[in-house]
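# A look at the structure
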Amino acid sequence: MPRYIEIKCSEEMSVIICTALRNFAAIAYPKTPNSECNLVACDALLNAADVFEKNFSEKGVGLINRRLRMMLKTAIEAHYNIISELENYETKNQSALMLKVCSGEVVSQEKLHEAEYLDKQ
């Protein structure tokens, strides 16, 4: 079994994934000098975002280590929960769609815009 999940997505979706990983790293695993676990988890998420971004810009396909699947799922859910709270609208369709993207399913950019439109209704 390959070590990485290939994620084929639009540039906008790539930005969402990297933003979600970086924000989740900062929120869930703040860098505190007395917590090695937080430092390791935070660095793993930040590194995953960097690897994803680098591969996406070079090859048009993002890569996520299979071991980080659940953290990516949680990061995407947290990302859309935060948007929901800040913008005061539901984000369940966008979140569900991006979770499909993160599992390796190919989803068009138009579908993301449709999901956003449905969420704002």
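Our subject is the structure that appears above.
Let me begin by describing the structure that accompanies this report.

## Remarks on the pattern of salt bridges
Using the criterion set out here, one finds 6 salt bridges in the structure. The salt bridge partner of D50 is R22, with a shortest N-O separation of 2.8 Å. With D50 in helix α2 (residues 36-59) and R22 in helix α1 (residues 11-28), this pair connects stretches of sequence that are 28 residues apart. By relative accessible area, D50 is classed as partly exposed at 41%. For K111, the salt bridge goes to E114, with nearest N and O atoms at 4.0 Å. In this pair, K111 and E114 both sit in helix α5 (residues 109-119), 3 residues apart, roughly one turn of the helix. By relative accessible area, K111 is classed as partly exposed at 44%. Through salt bridges with shared partners, a single ionic network connects R22, D50 and E53.

## Things to note about the packing of aromatic side chains
All told, the structure shown has 2 aromatic pairs when counted by the stated rule. Note on F24 and Y29: the rings are 6.0 Å apart at their centroids and 90° apart in plane angle, and the pair reads as edge-to-face. For F24, a relative accessible area of 12% corresponds to the buried category. Centroid distance F52 to F56: 6.4 Å. Interplanar angle 5°. Geometry classified as stacked. Here F52 and its partner F56 are both found in helix α2, 4 residues apart, which amounts to about one turn of the helix. Given a relative accessible area of 0%, F52 falls into the buried group.

## Looking at the side chain of D119
Position of D119 among the secondary structure elements: in helix α5. It is K92 that comes nearest to the buried, bridge-free D119 among opposite-charge side chains, at 6.7 Å. Every residue in contact with D119, bar those within four places of it in the chain, is listed here: Y89, E90, T91, K92, N93 and Q94.

Thresholds applied
- Residues numbered from 1 in each chain as written.
- Predicted model: local features only at pLDDT ≥ 70, side-chain atom pairs only at ≥ 80, totals over all residues.
- Heavy atoms only, no water.
- Salt bridge = Lys/Arg side-chain N within 4 Å of Asp/Glu carboxyl O.
- Helix = DSSP H or I, 4+ residues; strand = E, 2+ residues; numbered from the N terminus.
- Buried < 20%, exposed > 50% of the residue type's maximum accessible area, 1.4 Å probe, protein only.
- Phe/Tyr/Trp six-rings, centres within 6.5 Å; stacked < 30°, edge-to-face > 60°.
- Lys, Arg positive; Asp, Glu negative; His and termini not counted.
- Contact = heavy atoms within 4.5 Å.

So, to be careful, I would describe these as geometric facts and stop short of saying anything about function.
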